[in-house]
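Fold and geometry: a report
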Amino acid sequence: MTTTANEITYRLEQKRKVQADFPGPKSVALTERRKAVVAGGVASSVPVYAADADGGIIQDVDGNSFIDLGAGIAVTSVGASDPAVVGAVKEAVEHFTHTCFMVTPYEGYIAVAEQLNRLTPGDHEKRTVLFNSGAEAVENAVKVARLATGRDAVVAFDHAYHGRTNLTMALTAKAMPYKTNFGPFAPEVYRMPMSYPFREENPEITGAEAAKRAITMIEKQIGGEQVAAIIIEPIQGEGGFIVPAKGFLPALAAWAKEKGIVFIADEVQSGFCRTGEWFAVNHEGVVPDIITMAKGIAGGMPLSAITGRADLLDAVHPGGLGGTYGGNPVACAAAVAAIGSMEEYDLNRRARHIEELVLGRLRRLQSEVGIIGDVRGRGAMLAIEFVKDGTKDPHADATKAIAAQCLKDGVIILTCGTYGNVIRLLPPLVIGDELLNDALDVLEAAIRAAA
Ligand code: PLZ
């Protein structure tokens, strides 16, 4: 057991330790079994199989310990085996695994709704619905917006990612690997230009001007009065951790309000302390009409939610929203415990501390290395965009090579970006400084080697 300054206790030793020739025999055997039974369309980033995970460490079946800079794609913010979450799950599961909230309801669902209504931005009257995945939350946010407005059109943005179901594929911007050959896609989805400061033709363009560019296009191509919803990730995730210019989100939200358009913030990736605030929209004081949540919400248990204006959510006829597993009681217990841990460990403060530590190191490195085009992000949602030396041409090969080298040295690191040229850092928020610095040493060496 080791303890950090912020009193987080770990079960597994927080130390990177990998055999030079991993994957070991047990992982190799599992890969063989997998090939015979698991569909080839499901890919994994690393060739080892997890046996245990805690704090910033994932241990594989052969005893290798990797530093986790992905948190299962921004999910295990409180750690993959936070004692409070584990205890709550055990307690809940001993009573009942499922009854279906639409059949025999239970308190946990209500408790989660109370927490989400309290934590999401705005002090207006709110209502919450629970689902299983991020995509399902997005689907339902759009359903509610269409019903409440009586309009069809939905506006999404360049570089957006909203999921893999039919409607959310339509909302997602990137063809490969998410959409190619999976169509036809849902209609009435319109794509508008994003504010992407690093790649703007005019680097001087302000957030308000970038919003105006999108609004003008909406008015020309659709007409504001036809639009049911604008959906946007306040910091885009899969698209490259793109932080829009200051003022972009508030201007869009203000215009949506004026036109009676439902402003949906997709905080599936950016929510729950990830950016150093409960939600990324808080950085600019934006209050969405509906907010979609998943990932970090339940410490790794599958749960998602939409929380929004009571008048919108309550416009839906009884029975209009639901699903067999939505708000599973064990997942609800985990969510209440995970939110408790976020508050107890003050993970917003912890995320801001991670930002300071990581950005400082990366900015120094950027001044020495030509292939780092941009370093950006908020809290513990940070990214490096790689370019060919002295240009803005995306450098996907270097990005891939750097991620591969990090893995070889025992650091699990994720890439993203429309051009596949972004390394994103999404550590569990409970990771200790020593482990994080060790991971950054590995990353820095890999970047220098590639440069
Ligand atoms: N909205 C903003 O980031 C999920 C998906 C990775 P689900 N992002 C990771 C992959 O390759 O499938 C995501 C997101 C935002 C919606 C979703 C969808 O959430 O829980 O994966 O359905």
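See the structure shown above.
Here's what I pulled together on the structure shown here.

Calculation rules
- Residues numbered from 1 in each chain as written.
- Predicted model: local features only at pLDDT ≥ 70, side-chain atom pairs only at ≥ 80, totals over all residues.
- Heavy atoms only, no water.
- Salt bridge = Lys/Arg side-chain N within 4 Å of Asp/Glu carboxyl O.
- Helix = DSSP H or I, 4+ residues; strand = E, 2+ residues; numbered from the N terminus.
- Buried < 20%, exposed > 50% of the residue type's maximum accessible area, 1.4 Å probe, protein only.
- Near = heavy atom within 4 Å.
- Polar contact = N/O pair within 3.5 Å; in protein donor to acceptor, adjacent residues only side chain to side chain.
- Nonpolar A, V, L, I, M, F, W, Y, C, P; charged D, E, K, R; others polar.
- Contact = heavy atoms within 4.5 Å.

Quick look at the pattern of salt bridges now. Taken as a whole and assessed by the stated rule, the structure comprises 21 salt bridges. With a shortest N-O distance of 2.9 Å, glutamate 238 and arginine 424 are connected by a salt bridge. Taken together, the residues span a long stretch of sequence, with glutamate 238 in the loop between β9 (227-232) and α8 (248-259) and arginine 424 in strand β17 (residues 422-425) at a distance of 186 residues. In this structure, glutamate 238 and arginine 424 share a single accessibility class: buried.

The environment of the ligand is made up of 15 residues, and the closest members are Gly134, Ala135, Arg164, Asp266 and Gln269. A distance of 2.6 Å is found between an oxygen atom of the ligand and a side-chain nitrogen or oxygen belonging to arginine 164. Taking glutamate 238, its side chain carries an N or O atom lying 3.4 Å from a nitrogen atom of the ligand. Split into classes, the residues belonging to the shell around the ligand amount to five nonpolar, five polar and five charged.

Before going further, it helps to spend a moment on the environment of tryptophan 278. For tryptophan 278, the position within the fold is in the loop between β10 (262-266) and β11 (290-293). Overall, tryptophan 278 belongs to the buried group, its relative accessible area being 14%. C-alpha separation for the pair tryptophan 278 and phenylalanine 96, spaced 182 residues apart in sequence, amounts to 30 Å. Apart from residues no more than four positions distant in its own chain, tryptophan 278 is found in contact with Leu119, Gly271, Phe272, Cys273, Ile339, Met342, Glu343 and Asn348.

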